[in-house]
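# Examination of the molecular architecture
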Amino acid sequence: MTQTNKTRTTDTRQQILTTAQQIILGKGFSAVGLNEILKAANVPKGSFYHYFESKEQFGNALLEHYFAQYITTVDKQLKTDKRPAVERLLAYFEQWKANQCDDTSMDRCLVVKLSGEVTDLSEAMRLTLKQGTQQVIERLSVCVQEAIDKREINANYDAKTVTQEIYYLWVGATLMTKVNHTPAALEIAMKATQNRLGLIDNNE
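Everything in this summary refers to the structure shown in the same document.

Rules and cut-offs
- Residues numbered from 1 in each chain as written.
- Predicted model: local features only at pLDDT ≥ 70, side-chain atom pairs only at ≥ 80, totals over all residues.
- Heavy atoms only, no water.
- Salt bridge = Lys/Arg side-chain N within 4 Å of Asp/Glu carboxyl O.
- Helix = DSSP H or I, 4+ residues; strand = E, 2+ residues; numbered from the N terminus.
- Buried < 20%, exposed > 50% of the residue type's maximum accessible area, 1.4 Å probe, protein only.
- Phe/Tyr/Trp six-rings, centres within 6.5 Å; stacked < 30°, edge-to-face > 60°.
- 1 Å grid on protein atoms, 1.4 Å probe; cavity = no way out; pocket = protein on both sides within 12 Å on 5 of 7 lines; lining within 4 Å.
- Points joined across faces, edges and corners; volume = space filled by probe spheres on them.
- Nonpolar A, V, L, I, M, F, W, Y, C, P; charged D, E, K, R; others polar.

On inspection of all chains with the given rule, the structure shows eight salt bridges. As a salt-bridge pair, Lys-97 and Glu-94 come within 3.7 Å of each other at their nearest N and O atoms. On the criterion of helical spacing, the pair formed by Lys-97 and Glu-94 is a turn pair, its members being three residues apart in helix H5 (residues 85-101). The exposure class of Glu-94 is partly exposed, given its relative accessible area of 37%. Residue Lys-150 is joined to Glu-146 by a salt bridge in which the shortest nitrogen-to-oxygen separation is 3.0 Å. Overall, Glu-146 belongs to the partly exposed group, its relative accessible area being 22%. If you follow the salt bridges from partner to partner, you end up with Asp-75, Lys-79 and Arg-139 in one network.

What follows is the structure in structure tokens.
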């Protein structure tokens, strides 16, 4: 295969994944047919199996694509930002809240959208979701540990445990935001996060 053909193949595959992500965020994985995705991506209907062996393999590739993009964003937010670690951490969750509040009826997080749906359908997709969320938690945990080391938050905290608690809280709050069509759960999650990090004086 020539370099030009390789580039064209990669670009087409990327176009399918990018287009599919937006459609699946709205409708879910099982409810979306391949023809709908390919039509929206402007790719010939017969071309799908040139890029993906099956819909399951495509779904797994979609999750890998999503996490690759997301981890890049997380690294930019948590590693290259020069603000104190606790400020970077809170800014990350403020951005999470802002993204979800743009339209509370529409999912903005593929993890929340697909976790309940595909974990019983595909072991490969379940493992990709697990590995992807673990990568996110690990990066957040490094930021929490930095905040502990620099005495920005309580030094007695176990960074990994605190990070898991907070991350799971936000995933649940995101789900409830969709259920209720209001951002109230995310606002509660933010206050709970600040409280868990010792940033709120409960005696006030």
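Let us keep going from here.
The next thing to look at is the environment of Gln-15. Position of Gln-15 relative to the elements: it lies in helix H1 (residues 3-27). Residue classification places Gln-15 among the partly exposed residues on the basis of a relative accessible area of 36%. In this structure, the C-alpha to C-alpha distance between Gln-15 and Ile-37, residues 22 residues apart in sequence, is 10.0 Å.

Moving on: the packing of aromatic side chains. Aromatic ring pairs are defined here through the distance separating the ring centres and the angle between the ring planes. Taken as a whole and judged by the stated rule, the model has 14 aromatic pairs. Each ring, one from Tyr-66 and one from Phe-67, has its centre 5.4 Å from the other, and the planes form 70°; the classification is edge-to-face. For Tyr-66, a relative accessible area of 8% puts it in the buried group. Through pairs of rings, three or more aromatic residues link up here, namely Tyr-92, Phe-93, Trp-96, Tyr-167, Tyr-168 and Trp-170.

A few words on empty space enclosed by the protein. Within this structure, the stated rule accounts for one cavity of 30 Å³ or more. Of the volumes computed, that of the largest cavity is approximately 50 Å³. Lining of the largest cavity is provided by Tyr-66, Phe-67, Tyr-70, Trp-96, Cys-109, Val-111, Val-136 and Tyr-167. The element contributing the most residues to the lining of the largest cavity is helix H4 (residues 55-80), with three residues. Its residues assigned to classes, the lining of the largest cavity shows eight nonpolar, no polar and no charged.

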